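Notes for the structure review
Each chain, letter by letter, is given below.
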Amino acid sequence: MDNVKTKLKTSDKLNAKIPAGPIQEKWSNHKNTIRLVNPNNKRKHTVIVVGTGLAGASAAASLAELGYNVKAFCIQDSARRAHSIAAQGGINAAKNYPNDGDSVWRLFYDTVKGGDYRAREANVYRLAEVSNAIIDQCVAQGVPFAREYGGLLSNRSFGGAQLSRTFYARGQTGQQLLLGAYSALSKEVHSGKVQMFAREEMLDLVVIDGKAKGIITRNLVNGKINRHAADAVLLCTGGYGNVYYLSTNAKNSNATAAWRCYKRGAMFGNPSFTQIHPTCIPVSGEYQSKLTLMSESLRNDGRVWVPEKPGDKRAPNDIPENERDYFLERRYPSFGNLVPRDVASRNAKYVCDDGKGVGESGLAVYLDFRDAIKRDGEDKIREKYGNLFDMYYKITDENPYKLPMRIFPAVHYTMGGLWVDYNLMSNVPGLFVLGEANFSDHGANRLGASALMQGLADGYFVIPYTLGDYIAGERPEPVSTDHEAFKAVEHENIERIDKLLKSNGTKTVLDYHRHLGKLMWDYVGMSRNKEGLEKAIKEIAALKEDFWENVYVPGEQSTYNKYLEYAFRVVDFMELGELMARDALVREESCGGHFREEYQTEEGEALRDDENFAHVTAWEFTGENKVPERHIENLEFENVKLTQRSYK
């Protein structure tokens, strides 16, 4: 593995297309100068949108309203079941309703700092700039945000900020925002401008003359392989947290669409940048299939602590105040329990490593609402978080109004994704990537309540402009699905299906996914080191080889076959896991969620190397079983000074 010790220049294959001028004017000037598509010409163009969560639904609805013909693809039976509903806590915006000093600039600064200075300044500023319009859009759609007595929308705090800028609808913000986007999408489906394909999974990207011109899909009900052509493809398929097997993601969440695009030429940016969320219900057994997240909003009123003495197994209510270690408040008096997620997660690991962890496994800490209930009353806490408390009770059979919640870090969000330029277009012309599927806005760590913000910003307010700039340069001559490229890609996927179904091994796909997840968590998880990453690369390669020799995939192609679709996804997870380990190995620094044990301060904080690693790493596929080629895009910080993060 190459050892980076000199300032590298941005690869010739990566052009971020960042507009010139002051950062406050970049987006406005860009919108004023990019090419437009005549309204009468928009109806001549077809756009494919893969995924119908917040990014996909908002993009499909917005583009259809503009006049484009949209084909939208959803692996669920309805767009309402997208994983966006699981984002419970809120959505950020810089409206400054509490009058506590917020501004677009502060939201921009907090996001760059929260990402440990590994995000593109221009993209982050645009995100902050359009944040207020997102709230107005959602209110107009009827999203029932919480309101203050005077009628203004209410705000609460999230990690990494010292003010209240998070808008929320109790603990169901993602669900309510998705219903708003879904209503807009449904209007366009009814008008005929959006053709909806439910239970249809993208298997591959079709590239013709270097441009994205369509996709190959499989109907998940009857197994039929279909071809779809378009003038552009928008990938809105979410993140790849399920590479770890146990994560807070829905079980259907996968990386296949993005990975297929990578293998067709789209570069993968910062794949090792994954987020470990600190407030997850701990693992309860060997055969658990997924994890459940407790919203970060709970850290507004809940206090995180462990027993002062290692090995103290008394019931939490029997441990007196002077024998409790409120370790986040102790170490970070300025931000306390609202430090960013990567900081909170690492510190939970530290105290558990010291033997202070609680619960049967010792891999948990307490999130305690005793003081908040004493201060505000149980009814007020129930009003704020009632559905979250109910969910915790149903899962653990413990009453969080009477006992502290037990939480522990778990894989949640992936900041890495397909590389995109300022226009959200990948290095493959015509392939745009929105929301969590791209790498662009969060750097090495995502601040809470920013995922919903990015998905809706990309779909409602960015892609309607930037797609037009690309389409304006294309002739409205759609490629036929009879083109040889469609036939070739379809044939490759049919061969892949046949190979899986002809397997006659003795191991299940689940066996391999569990094995991969353990490798990823142990060596490419919350803490990483050179020896472990090198081991992970070798063991994942061996696991892939064993998979094709010993897996058994039952059923048929022409029916509803969960085993087959799961096998597709796990194969891609294994290949992606290997790339994640390679990326983590070459990045010889600690930043945000990427914590290399060799690079830390004396106090155990992440130690960046800005001289050698203030860049995006973008990986290019070079062939099956070949080491991918690494490219870099240097990050320029003209507005935010590079400093060691401090939340003390």
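My aim in this report is to walk through the structure given alongside it, one point at a time.

Calculation rules
- Residues numbered from 1 in each chain as written.
- Predicted model: local features only at pLDDT ≥ 70, side-chain atom pairs only at ≥ 80, totals over all residues.
- Heavy atoms only, no water.
- Helix = DSSP H or I, 4+ residues; strand = E, 2+ residues; numbered from the N terminus.
- Buried < 20%, exposed > 50% of the residue type's maximum accessible area, 1.4 Å probe, protein only.
- Pairing = 2+ DSSP bridges.
- Axes fitted to C-alpha atoms, helices over the stretch in contact; angles between N-to-C directions.
- Contact = heavy atoms within 4.5 Å.
- Expected span 1.5 Å × (residues − 1).
- Phe/Tyr/Trp six-rings, centres within 6.5 Å; stacked < 30°, edge-to-face > 60°.
- Polar contact = N/O pair within 3.5 Å; in protein donor to acceptor, adjacent residues only side chain to side chain.
- Salt bridge = Lys/Arg side-chain N within 4 Å of Asp/Glu carboxyl O.
- Parallel < 35°, antiparallel > 145°, perpendicular 65-115°, else oblique.
- Left-handed = near helix turned anticlockwise from the far one by under 90°.
- Nonpolar A, V, L, I, M, F, W, Y, C, P; charged D, E, K, R; others polar.
- Right-handed = clockwise from strand over helix to strand, strands pointing away.
- Core = buried A, V, L, I, M, F, W, Y, C linked by side-chain atoms within 4.5 Å.

Let's talk about the environment of Arg81
Positionally, Arg81 belongs in the loop between strand S2 (69-74) and strand S3 (91-92). Arg81 gets classed as exposed once you look at its relative accessible area, which sits at 56%. Along the primary structure Arg81 and Ala250 are separated by 169 residues, whereas in three dimensions their C-alpha atoms are 9.8 Å apart.

Quick word on the sheet that holds S2
Taking strand neighbours across the sheet as the criterion, the five strands line up as S5-S2-S1-S9-S17 in an open arrangement whose pairing is parallel. At either end of the open sheet lies a strand with only one pairing partner, and these are strand S5 (194-198) and strand S17 (431-433). Each strand axis lies, on average, 20° off the axis of its neighbour in the sheet, ignoring direction. In this sheet, strand S9 (residues 232-235) lies alongside strand S1 (residues 46-50) in parallel orientation, the contact comprising four bridges. Bridge pairing in S9 places Val50 opposite Leu235.

Quick word on unusual backbone geometry
The bulk of non-glycine residues show a negative phi, and the bulk of peptide bonds are trans. Notably, Asp116 is not glycine yet its phi reads approximately 55°, a positive angle. Looking at Asp116, the relative accessible area reads 2%, which means it is buried. Positive phi is not limited to glycine here, since Asp397 has a value of about 60°. Exposure remark for Asp397: the relative accessible area of 58% places this residue in the exposed category.

What to know about the side chain of Glu188
Within the element layout of this structure, Glu188 appears in helix H6 (residues 173-191). For Glu188, a relative accessible area of 4% puts it in the buried group. Apart from residues lying up to four places away in sequence, Glu188 is in contact with Ala61, Ala64, Glu65, Lys193 and Val194.

Let's talk about helix H3 (residues 54-66)
End to end, H3 covers 18 Å across 13 residues, agreeing with the expected 18 Å (1.5 Å per residue, within 8%). Counting buried residues along H3, 11 of its 13 residues qualify, which places the element largely inside the surrounding structure. Regarding H3, the residues found buried are Leu54, Ala55, Gly56, Ala57, Ser58, Ala59, Ala60, Ala61, Ser62, Leu63 and Ala64. Gly67 lies just past H3 and shows a positive phi near 120°.

Structural notes on the packing of aromatic side chains
Taken as a whole and assessed by the stated rule, the structure comprises 25 aromatic pairs. Each ring, one from Trp27 and one from Tyr422, has its centre 6.1 Å from the other, and the planes form 70°; the classification is edge-to-face. Separated by 395 residues along the polypeptide, Trp27 in helix H1 (residues 26-33) and Tyr422 in the loop between strand S16 (417-418) and S17 bring together distant segments of the chain. Tyr422 shares its class with Trp27; the two are buried.

Describing the sheet that holds S16
Strand order across the open sheet formed by four strands is S16-S10-S18-S19, with antiparallel pairing between neighbours. Where the open sheet ends on each side, the last strands, each with one partner, are S16 and strand S19 (629-634). Of the strand pairs in this sheet, strand S10 (residues 268-269) and strand S18 (residues 615-620) are connected by two bridges, and their pairing is antiparallel. Across the sheet, the residue bridging to Phe268 is Trp619, located in S18. Helix-sheet contacts for helix H16 (residues 562-586) involve S10, S18 and S19, and the interaxial angle to S18 is about 140°.

Structural notes on the environment of Arg156
Within the secondary structure, Arg156 is located in the loop between helix H5 (121-140) and strand S4 (166-167). On the basis of relative accessibility, which here comes to 6%, the residue Arg156 falls in the buried class. The contacts of Arg156, once residues within four sequence positions are left out, are Gln88, Gly89, Ser164, Arg165, Thr166, Tyr168, Arg170, Ser297, Asn300, Lys384 and Tyr385. One polar contact links the side chain of Arg156 to the main-chain carbonyl oxygen of Gly89, over a distance of 2.9 Å.

Side note on the pattern of salt bridges
Counted according to the given criterion, the structure contains 58 salt bridges. With its nearest N and O atoms 2.9 Å apart, the salt bridge here joins Asp325 to Arg330. Residue Asp325 is classed as buried on the basis of its relative accessible area of 3%. Lys487 is paired through a salt bridge with Glu484; the nearest N and O atoms lie 3.6 Å apart.

A few points about the packing of helix H15 (residues 530-550) against H16
For the pair H15 and H16, the least separation of the axes is 9 Å and the interaxial angle reads 160°. Considering the angle they form, H15 stands roughly antiparallel to H16. The handedness of the crossing between H15 and H16 comes out as left-handed. Within the contact between the two elements, H15 uses Lys530, Leu533, Glu534, Ala536, Ile537, Ile540, Ala541, Leu543, Lys544, Phe547 and Trp548 and H16 uses Ala567, Val571, Met574, Glu575, Gly577, Glu578, Ala581, Arg582, Ala584 and Leu585. Partitioned by chemical class, the residues of the contact of H15 with H16 number 14 nonpolar, one polar and six charged.

Looking at the environment of Asn38
With respect to the helices, strands and loops of the structure, Asn38 is situated in the loop between H1 and helix H2 (39-42). On the accessibility criterion, Asn38 (40% relative accessible area) is partly exposed. Sequence separation of Asn38 and Ala472 is 434 residues, and the distance between their C-alpha atoms is 8.5 Å. Looking at Asn38, its side chain comes within polar contact range of the main-chain nitrogen of Asn40, at 2.7 Å.

Description of the pairing of S1
Most of S1 sits inside the fold, with four of its five residues counted as buried. In terms of handedness, the path from S1 via H3 over to S2 forms a crossover that is right-handed.

Details of the nonpolar core
Counting 143 residues, the largest nonpolar core has Ile91, Leu234, Leu235, Leu431 and Leu467 as its most contacted members. With near-sequence residues (within four places) excluded, Leu235 lies in contact with Val50, Met202, Ala257, Ala258, Cys261, Leu418, Leu431, Phe432, Val433, Leu434 and Ala437. Core analysis: the next-biggest nonpolar cluster, separate from the first, contains 30 residues, Leu298, Val339, Ala344 and Ile381 among them.

Focus on the side chain of His615
Examined against the element boundaries, His615 turns out to sit in strand S18. Its relative accessible area of 2% is what places His615 among the buried residues. The contacts of His615, once residues within four sequence positions are left out, are Asn270, Arg587, Ile632, Glu633, Asn634 and Leu635.

From the geometry alone we can't say anything about function, so treat these as descriptive.
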